[in-house]
Every structure is written in C-alpha cells, then in structure tokens.
Amino acid sequence: MVLKVFFPSCCSLAESGILIGRWISEQNSAVVLAVVHFPFIPVQVKQYLSEVQRVTKVSVSVLGSWSNSKQEKEESLSEFLEDLGTIFSHEPWIQISKEGDSKFWSCSTLQKRSNNPKEEEIILVYYDQRKVMLSHLHPPLDTATSADHRADDASKLSAIFDTVAKSKMLFMTDRYDDGPIKLTHWQSDGVEASIIVELMKQASISGICRSRVLKFWPLSFLWSKLSTCEQLGHRLQHLQVISSGKKAQTQAQVMRKANIFVSLLVDVTLGILLMSWLYKKNRIGHLADTLIPMADHVAEELQDLLQWLMGAPAGLKMNRALDQVLGRFFLYHIHLWISYIHLMSPFIEMILWYVGLSACLGLTVALCILSDIIALLTFHIYCFYVYGARLYCLKIYGLSSLWRLFRGKKWNVLRQRVDSCSYDLDQLFIGTLLFTILLFLLPTTALYYLVFTLLRLLVVIVQGLIHLLVDLIDSLPLYSIVLRLCRSYRLAAGVKFRVLERRDGKPLRLLMQINPLSYGSVVQTYRLPTYSCYPRDSWTSLCKKLFLGELIYPWKHKGEKQD
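Because the structure is a prediction, the values reported are computed rather than measured.

Counting residues in each nonpolar core, the largest one holds 41 residues, and the members touching the most others are V45 and L170. No other element matches the five residues that helix 4 (residues 147-165) contributes to this core. Contact partners of L170, with chain neighbours within four places excluded, come to I20, L33, A34, Y48, V52, L183 and H185. One finds V32, V35, I96 and I122 within the second-largest nonpolar core, a separate group that totals 20 residues.

The following block contains the structure:
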C-alpha cells in the first residue's frame with residue numbers, strides 16, 4: 001500500500017523536532033502542517049493541539065518525527081525521536097530525516113501495534129503551504145470525464161486543501177514568540193513585524209546601547225509602535241479565528257462581494273471620468289446645438305422615404321388610395337414630431353446638463369439614460385412601427401379566418417381548435433368579397449410594415465448594444481479576473497505533480513503545483529447575476545412573429561407580460 005506524506009516546503013530547513021498535522025485514513029495520507037522544535041514538554045504540546053482541535057475542528061495530532069542531521073549535535077537525538085512514538089502513540093509513526101546537504105531524504109514508518117508490519121511504499125509530496133491555504137479549489141467543469149471519477153478526485157484534493165485552510169490558528173504561533181512551544185511553518189505577513197521586534201529586542205540587550213538608542217525620541221517611538229503593532233496583529237488574528245467560527249462565509253460569497261464592490265467602484269470611476277469629459281470645454285452645449293439639427297435631418301430623411309413610398313417604390317404597383325392615406329397619415333405624425341422638438345429646443349441644454357450629472361452615479365446609469373433618450377428621440381419611428389404592425393396583423397388574421405371559411409371550417413374560441421362549420425350562400429359571398437379586398441390591399445400594407453419594421457429593428461439594435469455594455473460592466477467579475485492575473489494560485493482548478501528526485505531505496509519525491517482556473521472558467525463561475533433583459537424567443541419564434549405582424553420587445557424585462 002502506498003503512503004502519501006504531504007510535507008510543506010517551508011519546513012525543509014527546520015530544526016529537528018516532531019511533525020504535527022492531520023492523518024487522513026481514507027486516503028492513507030498524512031498532511032504535515034508544522035514542525036515543533038526542541039525543547040518542549042509533551043503535556044504542553046497535547047494541550048496546545050487540543051485547543052487547536054477545539055477551534056479549527058480539525059483532528060490535528062503528532063504524526064511523527066523530523067530529523068535534520070545538519071543541525072544535530074548529538075547522535076542520541078535520533079533515538080530520542082523514535083522513543084517519542086510511545087508518548088504520542090500515533091499509528092503509523094512517520095520518521096523523516098534529512099541527511100546533511102543530500103537531495104534525498106529518508107522516510108520510514110514505525111508500527112508498534114502491528115504484529116506483522118508491512119513495508120509500505122512512501123511518496124513525499126512537497127506543497128507550498130501559503131498557496132494551498134489561500135487558494136480555493138473549484139470543482140472540475142470538464143464534462144467529458146465521468147462524474148463519479150471527478151467527484152472522487154475532488155474529494156481527495158479538497159480534504160488536503162481544507163486541512164491547511166482551516167488550520168489558521170496553528171499558524172499564529174511561530175518560533176519568534178515567547179512561549180513553551182516553538183513552531184516552523186509558513187510565516188504570515190502579520191507575523192513579520194514580530195521578527196523585526198525580536199531583532200530589535202536582541203540588539204537592545206546591552207543597557208548602554210539601549211540608553212543611547214532611547215535618547216533619540218523618534219527611534220524610541222518607532223520601537224514602541226512596533227511592539228504595539230505586534231500585539232495588535234496577534235489580537236486581530238485571534239479575533240479573526242473566533243469570528244470565523246461564529247460566522248463562516250464560503251469563498252464564493254466572499255468573491256461575489258468583492259466582485260460587486262470592484263464592479264461598482266469601476267462603474268463609478270468611469271462615470272466620473274465621463275462627467276468630467278462632458279463638462280470640460282462646454283461639450284454639453286455643443287451636444288445640445290447638434291442634437292436639434294440631427295433630429296431635423298432624421299425627420300427630413302423620413303419625409304423623403306414616405307414620398308418615395310407614396311409613388312411607385314422600386315417599380316411596384318401599389319393601391320393608390322390606400323398608399324396616399326397611409327403616407328399622409330405618417331407625414332402628419334412627422335410634422336407633429338418636428339413641432340415637438342422645436343418646442344423643446346430651449347430646454348434641451350438644461351436637460352442634458354442635469355442628465356450629465358447622473359454620470360457621477362456610474363457609467364451604467366449614464367448609458368441607461370442614453371438608451372432612454374434614444375427611445376424618446378425615435379418615438380415617432382416606434383409609433384410608425386406599431387401602426388404598420390397592427391394594420392398588417394389585422395389583415396393577416398383576417399385573411400387566415402376567411403381562408404378557413406372557404407374550406408368550411410372555423411376557429412373554436414372555447415376549445416382553442418379548428419372545427420368544421422357549414423356556411424350559407426350569403427356568408428360565402430361576403431367572405432369572398434372581403435378576402436379579395438384584403439388580399440389586394442395586403443402588398444401596400446406589407447411594404448409600409450416592412451420599411452418601418454427595419455427602422456425599428458435598427459433602433460433596437462443600437463439600444464441592445466448599449467444594454468449589452470451595461471450588462472458587461474455589471475456582470476463581469478473584475479476582481480476575480482485581476483486575482484487570476486496576479487495571484488493565479490488563489491483560484492485553483494486542480495493540482496499537478498512534478499517528479500523532483502527518484503532513487504532506489506529512497507522515497508519518491510514529488511512537487512505539488514496548483515493548476516489555476518482558465519479565464520473562461522473564472523468568468524463562468526463568478527459572473528454576477530444581472531437584471532438585464534434578453535431576447536426570450538428563438539430565431540424561429542422571432543421570424544414567425546415578424547411574419548404575422550406581432551409586436552416584438554426583444555429587450556423587455558423578465559417577468560413582464562408582452563402584448
């Protein structure tokens with residue numbers, strides 16, 4: 001059977017002592033968390049480990065002994081390390097020794113309770129304790145492999161990652177602390193101040209040197225502040241451990257809050273930059289001066305288009321009476337729109353000035369107001385589309401109903417189906433007459449509907465691009481992407497093992513490295529939920545609605561009813 005020992009690479013230069021960590025019996029693995037140095041009292045070590053187990057809920061115990069022959073002074077130390085197995089009584093007892101400057105380590109297991117001890121193949125796996133503790137292991141997104149196999153691999157890795165991540169209290173004590181237990185493990189940033197303070201304390205042992213140093217009040221003040229920072233750092237770490245036990249938050253929730261905060265910060269920053277650009281060099285006034293001529297130009301283009309439709313567009317023969325009625329009806333609306341624009345022209349600059357202030361709330365707010373302004377400026381196009389669509393839809397449904405009349409059928413409203421029906425001669429005559437009239441008027445109505453539908457779709461596409469930009473700003477996990485770029489190990493998709501050394505009679509040494517998530521997986525995993533509106537219809541349904549003349553709202557909000 002293969003025994004896997006996960007050893008932190010930061011402990012490779014540690015002094016001789018005992019290994020503390022967690023034993024995972026299901027995987028026949030041992031996760032080493034720290035090395036306890038000599039001298040120590042076994043009772044105090046047991047009390048400390050019980051306190052760690054109570055706070056972290058991790059079954060931390062003494063796994064074995066660690067011997068660094070380069071720092072040993074007595075040959076009897078190795079025998080003493082073996083005898084510690086009877087005090088702590090862990091089964092199996094792991095013995096790891098480093099032979100001077102050699103690259104190869106010796107690793108063996110001692111099973112005193114077993115009558116027939118079996119020789120196990122041992123694999124030493126080195127891991128970066130800091131990266132493993134700060135990283136979050138994500139479930140695999142690959143659907144090609146078996147789900148059971150992926151879940152089994154993920155559970156094996158998650159047990160190791162969770163063991164290191166939950167053992168934060170163990171990393172609060174280091175070899176520079178004044179206490180009965182001295183450990184070697186990864187040193188956090190908050191403990192680095194204690195190293196500086198310890199060096200200053202050692203340098204100030206001499207009374208003469210200390211008195212000279214304290215004569216300079218800036219150095220004295222700095223020395224006292226460093227001591228205070230050291231105590232404050234330990235207190236904050238202790239409070240973090242206690243608060244994490246009371247109110248546990250998953251990594252996904254923390255990342256979601258960070259993504260929301262960064263997205264909001266970037267949104268407001270871009271909005272302020274846009275606002276400063278608008279109010280610089282009186283760009284609001286220039287925009288207001290060009291808005292009215294632009295609206296007049298659009299109205300003139302629509303008038304020319306209607307004049308073209310009222311003649312013989314593309315050589316098509318239209319129904320002249322209906323063509324003139326529809327053309328004059330739409331021209332009247334354009335005249336009303338031009339009058340409305342010129343009536344509002346004195347207030348356009350003031351409205352834009354106040355609208356520009358909304359950019360301080362964020363770029364997305366300014367973009368949404370821009371979409372509303374486009375909708376207001378193209379309201380006449382929307383009215384033309386609604387008029388043409390309703391008229392075209394009325395004729396389509398009229399023709400389909402009269403077509404069923406010719407076949408002796410009718411639509412049953414109560415049962416929502418087509419039933420057979422017998423009609424008399426007068427009904428058939430009136431139906432034939434109406435069918436002929438609607439059929440010959442259909443090309444004229446369909447042409448107006450087609451033109452105004454294309455104009456409406458052009459406006460919808462512009463608004464849709466603005467909505468997509470707003471959705472991109474709101475939902476893009478910027479914090480996770482920056483974290484993936486700068487600290488790729490924080491978002492782990494798995495691990496890979498690299499062979500360091502392999503030699504007969506020595507344990508196989510592997511280096512465990514973290515595989516980061518791909519950028520696509522980061523966006524897919526941490527994408528923020530938005531309330532943007534998306535087309536809920538398929539392309540087939542959309543084409544069907546366009547053909548039947550039904551009104552289409554491709555950017556309608558979710559939950560709202562459609563006409």
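This next bit is on unusual backbone geometry. With a phi close to 55 degrees, N28 is a non-glycine residue in the positive phi region. Here N28 shows up in the loop between strand 2 (17-24) and strand 3 (29-37). The exposure class of N28 is buried, given its relative accessible area of 7%. One non-glycine residue, Q416, adopts positive backbone phi at about 55 degrees. Positionally, Q416 belongs in the loop between strand 10 (409-412) and strand 11 (417-420).

Residues with a pLDDT of 70 or more make up 76% of the protein, whose mean pLDDT is 77. The model gives residues 556-563 a pLDDT under 50, and that stretch makes 15 contacts with residues more than four places away or in other chains.

Here the focus is the UniProt feature "transmembrane region" (unreviewed entry) in the protein. Here the UniProt-annotated "transmembrane region" (unreviewed entry) positions come out as residues 260-279, 325-344, 351-378, 427-451 and 457-482. In the segment residues 427-451, helix accounts for 100% and strand for 0%; the C-alpha atoms at its two ends are 35 Å apart. Strand forms 0% of residues 457-482 and helix 92%; the C-alpha atoms that close the span are 37 Å apart.

This part is about a nonpolar patch on the surface. Taken together, the side chains of F347, M350, I351, W353, Y354 and L357 define a hydrophobic patch exposed on the protein surface, amounting to about 590 Å² of accessible area. Among the secondary structure elements, W353 is positioned in helix 10 (residues 320-357). The exposure class of W353 is partly exposed, given its relative accessible area of 39%.

So, on to the layout of surface pockets. Here the second largest pocket is characterised by a volume of approximately 830 Å³. Going through the elements one at a time, helix 8 (251-279), helix 9 (283-309), helix 10, helix 11 (363-377), helix 12 (379-406) and helix 13 (425-475) are the ones with two or more residues in the lining of the second largest pocket. The element contributing the most residues to the lining of the second largest pocket is helix 9, with nine residues. Residue composition of the lining of the second largest pocket, grouped by class: 26 nonpolar, four polar and one charged.

Right, let's get into the environment of Y519. Mapped onto the elements, Y519 comes out in helix 15 (residues 519-526). Through-space distance from the C-alpha of Y519 to that of L485 is 8.8 Å; in sequence the pair is 34 residues apart. Beyond its immediate chain neighbours, meaning those up to four positions away, Y519 contacts I481, R484 and L485.

Remark: a regular strand shows side chains that alternate across the two faces of the sheet. Pairing of strand 8 (residues 136-137) with strand 12 (residues 491-501), which is carried by two bridges, proceeds in the parallel orientation. Bridge pairing in strand 12 places H136 opposite L491. As paired strands, strand 12 and strand 13 (residues 508-516) are joined by eight bridges and run antiparallel to one another. What sits directly across from A492, in strand 13, is P516. What sits between strand 12 and strand 13 in their antiparallel hairpin is a turn of six residues, with G505 showing a positive phi close to 85 degrees.

What follows deals with the packing of aromatic side chains. Enumeration over the complete set of coordinates arrives at 14 aromatic pairs. The interplanar angle of 85 degrees and the centroid separation of 6.3 Å between the aromatic rings of F7 and Y126 together place this pair among those described as edge-to-face. Placement of the pair is F7 in strand 1 (residues 2-8) and Y126 in strand 7 (residues 121-127), with a sequence separation of 119 residues. Take F7: its relative accessible area is 0%, and that puts it in the buried class. An angle of 80 degrees between the planes, with centres 5.6 Å apart, marks the rings of Y279 and W353 as edge-to-face. Separated by 74 residues along the polypeptide, Y279 in helix 8 and W353 in helix 10 bring together distant segments of the chain. A relative accessible area of 27% places Y279 in the partly exposed class. Among the aromatic residues, those joined into a cluster by ring pairs are F329, F330, F384, Y387, Y448 and F452.

Rules of the game
- Residues numbered from 1 in each chain as written.
- Predicted model: local features only at pLDDT ≥ 70, side-chain atom pairs only at ≥ 80, totals over all residues.
- Heavy atoms only, no water.
- Core = buried A, V, L, I, M, F, W, Y, C linked by side-chain atoms within 4.5 Å.
- Buried < 20%, exposed > 50% of the residue type's maximum accessible area, 1.4 Å probe, protein only.
- Helix = DSSP H or I, 4+ residues; strand = E, 2+ residues; numbered from the N terminus.
- Contact = heavy atoms within 4.5 Å.
- pLDDT = per-residue confidence, 0-100.
- UniProt positions renumbered as here; feature names shortened; annotations may be inferred.
- Patch = residues over 30% accessible without salt bridge, like charges linked within 9 Å, V, L, I, M, F, W, Y side chains within 5 Å.
- Areas by Shrake-Rupley, 256 points an atom, 1.4 Å probe, with all protein chains shown as cover.
- Salt bridge = Lys/Arg side-chain N within 4 Å of Asp/Glu carboxyl O.
- 1 Å grid on protein atoms, 1.4 Å probe; cavity = no way out; pocket = protein on both sides within 12 Å on 5 of 7 lines; lining within 4 Å.
- Points joined across faces, edges and corners; volume = space filled by probe spheres on them.
- Nonpolar A, V, L, I, M, F, W, Y, C, P; charged D, E, K, R; others polar.
- Pairing = 2+ DSSP bridges.
- Phe/Tyr/Trp six-rings, centres within 6.5 Å; stacked < 30°, edge-to-face > 60°.

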